[in-house]
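# Residue-level structural notes
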Amino acid sequence: MVKGGVTMQPISQVLRGIIMMCLASLSFTLNDTISKFLIDDYHISVIIFIRSVVALPMLVIIAAVIGRTRIRWSRRMWLHALRGGLNLTAAYLYITGLRYLSLAEATVILFSSPLVVIAASSIFFKEQVGWQKWAAACCSFCGVLVAIRPGAETFQAASLFILASSFLYAMNSLTARWLPHEDHLWTVSFYGAVFSALFVAPVAIPNWNHVDSSDLLLFGGAALCSSLGIGLNSLAYRLAPASDLAPFAYSGLVWSMAVTWLVWGTIPEIWTFLGAGVIFSSSFFYFVSSKKKREQKV
């Protein structure tokens, strides 16, 4: 729909994108939780390789049974290769940081990525980014700084791995705009796993160790959650403007803090709560201001 010379995304389409973003955040949180259980017994490259390989047949079967479709050849295979490389590097850095940080701490730091998404969507995609979006993104980044306290004695260098990972995840999210329209959820997820496995194999093979049969279920769960997260995240950014979706990536904050408490019985530090509070408040402010703006236009 075009209004006042500006192209407006249908609200239903934006809503679908938001729902996919929230589900992607949940999928990534579950994947991170499983990876944290595996990280003490396996090299990071081995975890990513097995997770990616196990995901391939799972995605083919799920696509046929649930999606009533099949994995299709993409006319932009080079883009899937690029996205696979970005996602692999980001995952490697993130899991490295996850070895030393709690899931809640790592997730809060990861939420610096929406600021990158909003800035890039304005510069490269010429999206209209109002002051509300900039304010929400900047305040959220301040929340990240509160959580990691770069000048404090308790600062952990591992936080920098997560920060670098967040930048790469943001770049990967933005490239979803260039995916062909016919590339559905299962195709995007499948090729994401294919290129992750191909690129990490040279590192994983020299670091290979015996895989305990009891861990296969964990690898399967990680494969499913990771693939769904990548696919849902990609389709969300294809459905709705990146600057509209970015604040809702923070839904993962709720998932991660809940899982940290439920699974490990650990309550995050007060600084993590304060940083999360700043991030949540800025996202809530954006949501309310955007809703009022839409109502005024109607």
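So, here is what we can say about the structure in this document.

Basis of the calculations
Residues numbered from 1 in each chain as written. Predicted model: local features only at pLDDT ≥ 70, side-chain atom pairs only at ≥ 80, totals over all residues. Heavy atoms only, no water. 1 Å grid on protein atoms, 1.4 Å probe; cavity = no way out; pocket = protein on both sides within 12 Å on 5 of 7 lines; lining within 4 Å. Points joined across faces, edges and corners; volume = space filled by probe spheres on them. Nonpolar A, V, L, I, M, F, W, Y, C, P; charged D, E, K, R; others polar. Helix = DSSP H or I, 4+ residues; strand = E, 2+ residues; numbered from the N terminus. Contact = heavy atoms within 4.5 Å. Salt bridge = Lys/Arg side-chain N within 4 Å of Asp/Glu carboxyl O. Buried < 20%, exposed > 50% of the residue type's maximum accessible area, 1.4 Å probe, protein only. Core = buried A, V, L, I, M, F, W, Y, C linked by side-chain atoms within 4.5 Å. Patch = residues over 30% accessible without salt bridge, like charges linked within 9 Å, V, L, I, M, F, W, Y side chains within 5 Å. Areas by Shrake-Rupley, 256 points an atom, 1.4 Å probe, with all protein chains shown as cover. Axes fitted to C-alpha atoms, helices over the stretch in contact; angles between N-to-C directions. Parallel < 35°, antiparallel > 145°, perpendicular 65-115°, else oblique. Left-handed = near helix turned anticlockwise from the far one by under 90°.

A separate point is empty space enclosed by the protein. Considering all chains together, one arrives at three cavities of 30 Å³ or more under this definition. Approximately 80 Å³ is the volume found for the second largest cavity. Looking at the second largest cavity, it is lined by 14 residues, and the ones nearest its centre are R51, S52, S196, S226 and I230. When its residues are assigned to classes, the lining of the second largest cavity shows seven nonpolar, six polar and one charged.

The subject of this paragraph is the environment of R238. Note that R238 resides in helix α9 (residues 216-239). With 63 residues separating them along the chain, R238 and T175 place their C-alpha atoms 9.3 Å apart. Residues contacting R238, with those up to four places away along its chain left out, are A176, L179, P180, H181, D183 and H184.

Here we come to the pattern of salt bridges. For the structure on display, the rule yields one salt bridge. Among the salt bridges present, the one from R75 reaches E182, with a minimum N-O distance of 2.7 Å. Of this pair, R75 sits in the loop between α2 (44-65) and α3 (77-98) while E182 sits in the loop between α7 (158-174) and α8 (185-204), and the two are 107 residues apart along the sequence. Residue classification places R75 among the exposed positions, given a relative accessible area of 55%. Given the relative accessible area of 39%, E182 is considered partly exposed.

With 39 residues, the main nonpolar core has Y42, I48, Y94, I162 and F219 as its most contacted residues. Looking at this core, the element that brings in the most residues is α3, giving eight residues. I162 has contacts with Y94, G97, L98, L101, A106, I109 and L110, leaving out every residue within four places of it along the chain. Counting 34 residues, the second largest nonpolar core, distinct from the first, contains W186, V194, A240 and F248.

Assignment of secondary structure puts L110 in helix α4 (residues 103-110). Taking relative accessible area as the criterion, L110 reaches 16% and is therefore assigned buried. Between the C-alpha atom of L110 and that of A170, which follows or precedes it by 60 residues, the distance is 9.8 Å. In this structure L110 touches Y94, I162, S165, S166 and Y169, once residues within four positions along its chain are discounted.

For the rest of this paragraph, the subject is a nonpolar patch on the surface. Side chains of F37, W261, L262, V263, W264, I267, I270, W271, F273 and L274 sit close together on the surface and give an oily, nonpolar patch of about 1,000 Å² of accessible area. The set of elements that each furnish at least two residues to the nonpolar patch consists of α11 (251-264) and α12 (270-297). With respect to the helices and strands, W271 occurs in helix α12. Judged by relative accessible area, W271 falls into the partly exposed class, the value being 38%.

Another point: the packing of α2 against α8. At a minimum axis separation of 8 Å, α2 and α8 run at an interaxial angle of 155°. The angle between α2 and α8 falls in the class roughly antiparallel. The chirality of how α2 crosses α8 is left-handed. Of the residues in α8, those in contact with S45, V46, I48, F49, S52, V53, A55, L56, L59, V60, I62 and A63 of α2 are W186, S189, F190, A193, V194, S196, A197, V200, A201, V203 and A204. Across the contact of α2 with α8, the residue classes break down as 19 nonpolar, four polar and no charged.

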